[in-house]
Amino acid sequence: LYGEIRDIYYNHADPFHCCNLAIQHASEKGLGETEKGDSRQFHHRQFMQTLHDLASVDPERAQNIAEKVLERCGVPKDSYIIKTVRERIQRWLVNGRNAKHILEGLELELGDAHNFWAEWASEYLPLCSGWMVQALNEVITMSGSDEIAIGLQFEAELVDYFEVTYQWHAHPGELSIDRSGFRTMELPHLLFGYIMPWWETAVEEPKKCFPKTFRRIEILKAREEEEAAEAAAARMEAGDEAGEMSTDDVDEVEDDEAPLLADIKREQIMLGIQAGYDEISKLYQRMLKAPMIFLGTLDPEVGPSIFRAILALVSEEGVDLDEQTTEYDDGETWEIPSDKPATWGKFEYNGDGETRPLEEKIWYDLMKSDSEFIAKWFKLLGLHRGVVHRDLRRFSHESTAEATKKRDPESTTRLRDFYDEYPVLFSSYRAMFALMPSATRIVESLHGMMRHSHDAQISLAFYNAKMRYNVKMDYEMKEKRRVYVRKRAAAAKGGATKSKPAKHADRKKTQAMVGPQLMELIDTYSAEAISSLPDDIKKKISIKEINKKDARTAERKLALQKRSRDEQLRPARVQNRGEVPVDELLQQGRSTRTKHTDEHAMRPVREENSAIDGKLVKTYWQRVPADQFKMEAFRVFPTFESPEAWKAGKTKMLKKTGEVYDIGAHMNTIKEIADKTKPNSLNDTDVSEMEKYDILRMFVKFEQSVVGSQNESASSTAKKRMKAIFQHIGREIKNSQRFKSSATYAAVEEEEEED
């Protein structure tokens with residue numbers, strides 16, 4: 001940088017995983033979390049997992065039964081292929097895609113039959129035993145639940161959003177011809193053009209982003225209202241006949257009834273959407289700080305406003321915008337045209353009747369707290385140099401008005417458009433950011449290779465061939481390398497036997513052995529060796545014949561054998577066990593509620609309990625400033641106050657000593673009293689008849705926390721500023737299609753050829 005090698009570090013939240021976390025929060029807040037270790041819970045993600053457990057036991061049989069169900073219902077047997085994956089925490093792209101495929105089965109038109117999954121499970125039940133019987137009954141039950149279907153639909157529509165950002169990160173952009181990930185300079189286009197508008201629309205007009213989810217809720221509400229009206233009419237009729245119930249009595253009964261499930265689900269979905277919105281807003285705050293905020297100026301719509309806000313803040317920090325230093329100019333430099341404006345565009349407002357325009361004020365307010373670092377990065381990017389002065393002045397005059405915009409927001413060459421207008425400024429940005437690939441592509445590529453190296457649904461023939469190679473050829477090559485290491489270890493110990501296992505690649509010699517071994521293996525399959533085989537053998541070992549007569553044929557034979565055995569087994573099992581009560585199980589599913597829904601009315605209490613739990617972890621106290629630590633601790637934990645604690649400081653209180661001033665030990669004591677594993681030693685109250693959180697409320701005065709209130713106030717201010725940005729960006733989703741540099745920079749290539 002400026003003739004010196006410097007290490008400059010900065011970080012920002014990885015956009016791919018920001019979106020992943022946003023839909024995770026939306027799903028968990030709206031639909032509830034699954035309970036670890038409970039495989040019998042009533043939850044849409046447990047439905048996904050149970051289907052995978054059943055199908056993965058015997059994929060061929062599962063598909064055979066599916067085809068039989070479809071044929072019986074007069075539907076082509078290839079209408080639906082069972083493909084399931086394990087429900088994964090933190091793998092929301094996989095979950096969403098899986099939810100979509102399961103919904104396709106639920107929505108199959110099967111005439112007068114029940115839904116596909118109920119028919120499939122009832123057909124499968126006579127052939128199973130043990131845990132599979134209970135699991136298949138649960139599949140029938142959950143397949144009849146509107147709540148489960150709404151949960152699956154919400155997951156499926158969340159992943160529609162995620163698919164766009166996933167594909168954006170997976171493809172190259174303007175600055176890379178064939179490599180994904182090098183799109184750092186385009187991140188503002190994705191943020192302003194898709195992410196912010198989508199979430200703003202989701203909050204303000206949720207039916208546009210989740211049309212099928214809300215359609216299911218509306219259908220459920222219409223049916224519930226109809227059933228409620230029928231039940232009320234029946235009660236009225238029964239009351240009139242008995243002379244015991246009037247219309248007022250019916251109204252009173254209805255007032256005491258629980259709210260409709262449809263209304264609860266609507267509220268839950270809205271809470272989930274808001275949680276996703278809040279998370280994306282929080283995670284992208286870092287993206288809108290220095291130095292990444294400078295890339296926001298590349299945007300053709302909001303970029304000029306951001307730039308003028310940056311100029312105002314930099315000027316307030318004492319940076320001379322007209323410094324025009326030439327200290328680092330050396331040798332050839334840019335030929336600066338003579339069309340530099342005589343003055344700067346308007347970015348300073350002194351308050352004497354002058355008001356900063358709203359489109360600039362929202363950015364100014366957002367960046368104000370970061371002004372020191374913005375000024376620092378202004379110089380680190382070289383924007384104080386004379387060579388870039390012309391572009392800065394010209395850019396400060398760029399209009400955001402629709403009629404006078406210089407750059408097209410819908411352009412597929414937005415970086416090139418910026419370069420054409422401000423070549424030196426663009427080059428300054430490009431030098432810093434262009435070759436910074438997103439960590440997403442590196443980490444996700446490695447993770448993908450590991451994840452896909454083993455898949456329970458890959459054909460048996462493939463795994464069989466892979467295993468033969470591993471246990472024969474690969475093992476023999478590794479063993480030769482191990483023998484070398486063992487001999488070397490034995491020689492070093494005077495002929496003693498090996499005392500520990502040796503790895504095949506822990507010596508340079510063994511690494512050098514790999515190449516010749518692989519070449520020797522290749523010779524076994526050389527063209528000369530194959531040409532010496534008889535023609536009939538060569539035909540048999542061709543790929544075409546292997547696929548036709550070997551693996552696939554064996555799989556088909558096995559599938560036919562299983563189908564034949566199932567048909568023989570079914571009558572006896574049905575006779576012994578009786579018919580599957582499908583209607584009864586489906587009705588049970590319609591009346592069953594998830595734990596999240598049952599506890600929905602207790603949401604304020606759960607949030608209060610969560611606030612208490614948050615004060616009982618050391619992580620919270622580590623973030624409390626040292627000068628406020630003692631008073632904060634005594635406010636929240638009145639029983640912690642003591643003469644010894646008054647003499648201790650933050651470091652001493654956080655250290656694990658077991659003394660009376662050890663705040664960690666005090667929190668553990670409170671938890672043990674609440675769990676009733678130890679008697680109450682902190683006061684004279686009898687806690688034997690009290691509930692856990694009633695005990696915790698007695699010892700943890702979370703509402704007295706001053707630091708917590710300050711943090712909430714700061715968080716609220718940041719939320720308001722980000723909300724203003726989201727609203728300013730609007731709800732119109734811009735052009736986010738991918739584009740390649742071969743087209744983008746065609747003009748530059750032609751110019752170079754002419755030169």
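Summary of the structure given here. The shown structure was predicted, so the numbers you read here are calculated from the model rather than taken from an experiment.

Digging into the overall build of the chain
Part 1: The number of helices and strands found in the chain is 36 helices and zero strands.
Part 2: Taking all 755 residues of the chain together, 43% fall into the buried category.
Part 3: Summarising the internal contacts of the chain: among those between residues at least 6 apart in sequence, 74% fall at separations of at least 24.
Part 4: Split by element, the accessible area of the chain, about 40,700 Å² in all, is 51% carbon and sulfur.

A closer look at the nonpolar core
Proteins that are soluble and globular tend to have nonpolar side chains buried together.
Part 1: Ranked by internal contacts, the top residues of the largest apolar core, which has 93 residues, are Tyr161, Met185, Ile195, Trp199, Ile280, Phe294 and Trp363.
Part 2: It is helix H8 (residues 187–204) that provides the largest number of residues to this core, a total of 11 residues.
Part 3: The residues touching Ile195, leaving out its near neighbours within four places in the chain, are Cys19, Tyr161, Thr165, Leu190, Ile280 and Tyr284.
Part 4: With 42 residues, the next largest nonpolar core counts Tyr124, Leu136, Met142 and Leu569 among its residues.

A word on the packing of helix H13 (residues 303–316) against helix H15 (residues 371–380)
Part 1: Here H13 crosses H15 at 95°, and the two axes come no closer than 9 Å. Compared by their axis directions, H13 and H15 come out roughly perpendicular. Seen from H13, the contacting residues are Ile310, Leu311, Leu313 and Val314; seen from H15, they are Ser371, Ile374, Ala375 and Phe378.
Part 2: The residue makeup of the contact of H13 with H15, split by class, is seven nonpolar, one polar and no charged.

Details of the packing of aromatic side chains
Part 1: Per the counting criterion, the structure on display carries 26 aromatic pairs.
Part 2: Taking 6.3 Å as the distance between ring centres and 90° as the angle between the ring planes, the aromatic pair formed by Trp344 and Phe347 counts as edge-to-face.
Part 3: Residue classification places Phe347 among the buried positions, given a relative accessible area of 5%.
Part 4: An aromatic cluster is defined as three or more aromatic residues linked by ring pairs; in this entry it consists of Phe307, Phe395, Phe418, Tyr419, Tyr422, Phe426 and Tyr429.
Part 5: Arg183 extends its terminal NZ or CZ atom over the ring of Trp168, reaching a point 4.0 Å from the ring centre.
Part 6: The ring centre of Tyr349 lies 5.0 Å from the NZ or CZ of Lys346, which sits over that ring.

A short note on unusual backbone geometry
Part 1: In this model, Ala290 is joined to Pro291 through a cis peptide bond whose omega is 5°.
Part 2: For Pro291, the position within the fold is in the loop between helix H12 (261–283) and H13.

Overview of the packing of H12 against helix H34 (residues 706–729)
Part 1: Between H12 and H34, whose axes approach to 10 Å, the crossing angle comes to 100°. Judged by the inter-axis angle, H12 sits roughly perpendicular to H34. Residues Tyr277, Asp278, Ile280 and Ser281 of H12 touch H34, and the partners they reach there are Lys719, Met722, Lys723 and Phe726.
Part 2: Residue classes in the contact of H12 with H34 are distributed as four nonpolar, one polar and three charged.

Definitions and limits used
Residues numbered from 1 in each chain as written. Predicted model: local features only at pLDDT ≥ 70, side-chain atom pairs only at ≥ 80, totals over all residues. Heavy atoms only, no water. Helix = DSSP H or I, 4+ residues; strand = E, 2+ residues; numbered from the N terminus. Buried < 20%, exposed > 50% of the residue type's maximum accessible area, 1.4 Å probe, protein only. Contact = heavy atoms within 4.5 Å. Areas by Shrake-Rupley, 256 points an atom, 1.4 Å probe, with all protein chains shown as cover. Core = buried A, V, L, I, M, F, W, Y, C linked by side-chain atoms within 4.5 Å. Axes fitted to C-alpha atoms, helices over the stretch in contact; angles between N-to-C directions. Parallel < 35°, antiparallel > 145°, perpendicular 65-115°, else oblique. Nonpolar A, V, L, I, M, F, W, Y, C, P; charged D, E, K, R; others polar. Phe/Tyr/Trp six-rings, centres within 6.5 Å; stacked < 30°, edge-to-face > 60°. Lys NZ or Arg CZ within 6 Å of the ring centre and 35° of its normal.

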